[in-house]
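Analysis of the macromolecular model
Read off the chains here:
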Amino acid sequence: MKLYYSSGSCSMSCHITLEESGLPYEAVQVDFDKPTDAALVEKMNALGTLPVLHTDDGKQLDQNLAIHHYVALKAPAKNLMPAPGTPTYFEAINLLTFVATDLHKSVGALFGLAAYENDKPVQATVRKNLLGRANETLKYLDTKLQGKDYVMGSQFTAIDAYAFTVASWTKYVDISLAPYPTLEKYLGRVAARPAVAKVLKEEGLV
Ligand SMILES: N[C@@H](CCC(=O)N[C@@H](CS)C(=O)NCC(=O)O)C(=O)O
């Protein structure tokens, strides 16, 4: 398997799930600021986004949710997703979808507002409105984590790789985690996992 990722972006979550899976893979770092790298991504994925995963059987997956699911099912012994069809599996799909849609899109929306609107007061109003939704999703995640080590309980899953990556963006977009102490502790717990620490180092984030 070959994963194309950009440092610290949502594609880092797939890098973490691959590392946690113990499966052989190659990780290729892409720098969107380099025109040749951006062109490579466009050529692979018309949406111009990462992650892109090339599977061993010649297929391409370019959605986080699908990649997490795929890698987890390729390494069943690691329990990165519950067994398909079980009640906990649907609970996991529900949470994975929450991370991919509500959490990712609400926290991610706060990046690069200046690219959409130059006017500072307008930017401030847009940010205020977007912050409301981002905080709702962070609160939801914090609530789901109460009394647990990971979102599904005591078992680390691919959902944690994704939730950790997106919730860690709060430091880049100036969202305080003070109202979410459970989430803050969880981020430290996930970051301390050897596979996660290895990926953070490889991506140049620590
Ligand atoms: N639908 C995709 C979206 C992935 C996505 O938003 N990727 C962002 C990084 S988090 C990206 O590659 N943006 C292009 C850029 O930064 O130029 C998924 O959820 O997998």
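Refer to the structure above for everything that follows.
Along every chain, residues carry numbers that run from 1 in the direction the sequence is written. The model is predicted, so local features are restricted to residues of pLDDT at least 70 and side-chain atom pairs to those at 80 or more, both for listing and for counting; the totals for chains, interfaces and linings are taken over all residues. Note: side-chain values were computed over all heavy atoms of the structure, leaving out hydrogens and water.

This next bit is on the pairing of strand β1 (residues 2-5). With 4 bridges connecting them, β1 and strand β2 (residues 26-29) associate as parallel partners. Bridge pairing in β2 places Y5 opposite Q29. Once the chain exits β1 it traverses helix α1 (residues 11-21) before rejoining the sheet at β2, and the crossover so formed is right-handed. When DSSP finds at least two bridges between two strands, those strands are taken to pair. What counts as a helix is a DSSP run of H or I of at least four residues, what counts as a strand is a run of E of at least two, and both are numbered from the N terminus. In this sheet, strand β3 (residues 52-54) lies alongside β1 in antiparallel orientation, the contact comprising 3 bridges. Handedness of a crossover: with both strands directed away from the viewer, a clockwise path from the first strand across the helix to the second marks it as right-handed.

Neighbouring residues are identified by heavy atoms, a residue being near a molecule or strand if any of them is within 4 Å of it. Of all residues adjacent to the ligand, which total 13 residues, the nearest are C10, T49, L50, Q63 and N64. Pairs of N or O atoms within 3.5 Å make up the polar contacts considered here, provided that, within protein, one atom can donate a hydrogen while the other can accept it, and that residues adjacent in sequence are counted only when both atoms are side-chain atoms. L50 is positioned with one of its backbone polar atoms (N or O) 2.8 Å from a nitrogen atom of the ligand. Within the contact set of the ligand, an oxygen atom lies 2.6 Å away from a backbone nitrogen or oxygen of N64. Coverage of the ligand by the protein chains reaches 70% of its 510 Å² of free accessible surface. Among the residues making up the shell around the ligand, the classes are represented as 5 nonpolar, 6 polar and 2 charged. Domain borders in the structure are assigned automatically or taken from a domain database. Mapping the shell around the ligand onto the domain boundaries places at least three of its residues in each of domain 1 (2-79) and domain 2 (87-193). Method for areas: the Shrake-Rupley scheme with a 1.4 Å probe, in which residue coverage is limited to the protein chains shown. Note on residue categories: nonpolar means Ala, Val, Leu, Ile, Met, Phe, Trp, Tyr, Cys or Pro, charged means Asp, Glu, Lys or Arg, and polar means any other residue, Gly included.

This paragraph deals with the pattern of salt bridges. Any carboxyl oxygen of Asp or Glu within 4 Å of a side-chain nitrogen of Lys or Arg constitutes a salt bridge here. In this structure the tally under the stated criterion is 6 salt bridges. R193 serves as the salt-bridge partner of E20, at 2.8 Å between the closest nitrogen and oxygen. One end of the pair, E20, is in helix α1; the other, R193, is in the loop between α7 (181-191) and α8 (194-202), and 173 residues separate them in sequence. Bridged by salt links that share partners, the residues E19, K198 and E202 form one connected network.

Time to look at the packing of α1 against helix α6 (residues 158-168). All axes are obtained by fitting lines to C-alpha atoms, using only the stretch in contact for helices, and the reported angles, taken between N-to-C directions, cover 0 to 180 degrees. Relative orientation of the contacting elements α1 and α6 amounts to 145 degrees, with a least axis distance of 8 Å. Crossing handedness for the pair α1 and α6: right-handed. Across from M12, S13, I16 and T17 in α1, the residues of α6 making contact are A158, A161, Y162, F164 and T165. When its residues are assigned to classes, the contact of α1 with α6 shows 6 nonpolar, 3 polar and no charged. Handedness of each helix crossing follows the sense of rotation of the near helix against the far helix: counterclockwise by less than a right angle gives left-handed, clockwise gives right-handed. Throughout, a contact is declared for two residues whenever any of their heavy atoms are within 4.5 Å.

This paragraph deals with the state of the cysteines. Only a pair of cysteine sulfur atoms within 2.5 Å qualifies as a disulfide here. With the rule as written, the count across this model stands at 0 disulfides. Left unpaired, C14 is separated from the closest cysteine sulfur, that of C10, by 7.2 Å.

No statement about biological role is implied by the geometric values presented.
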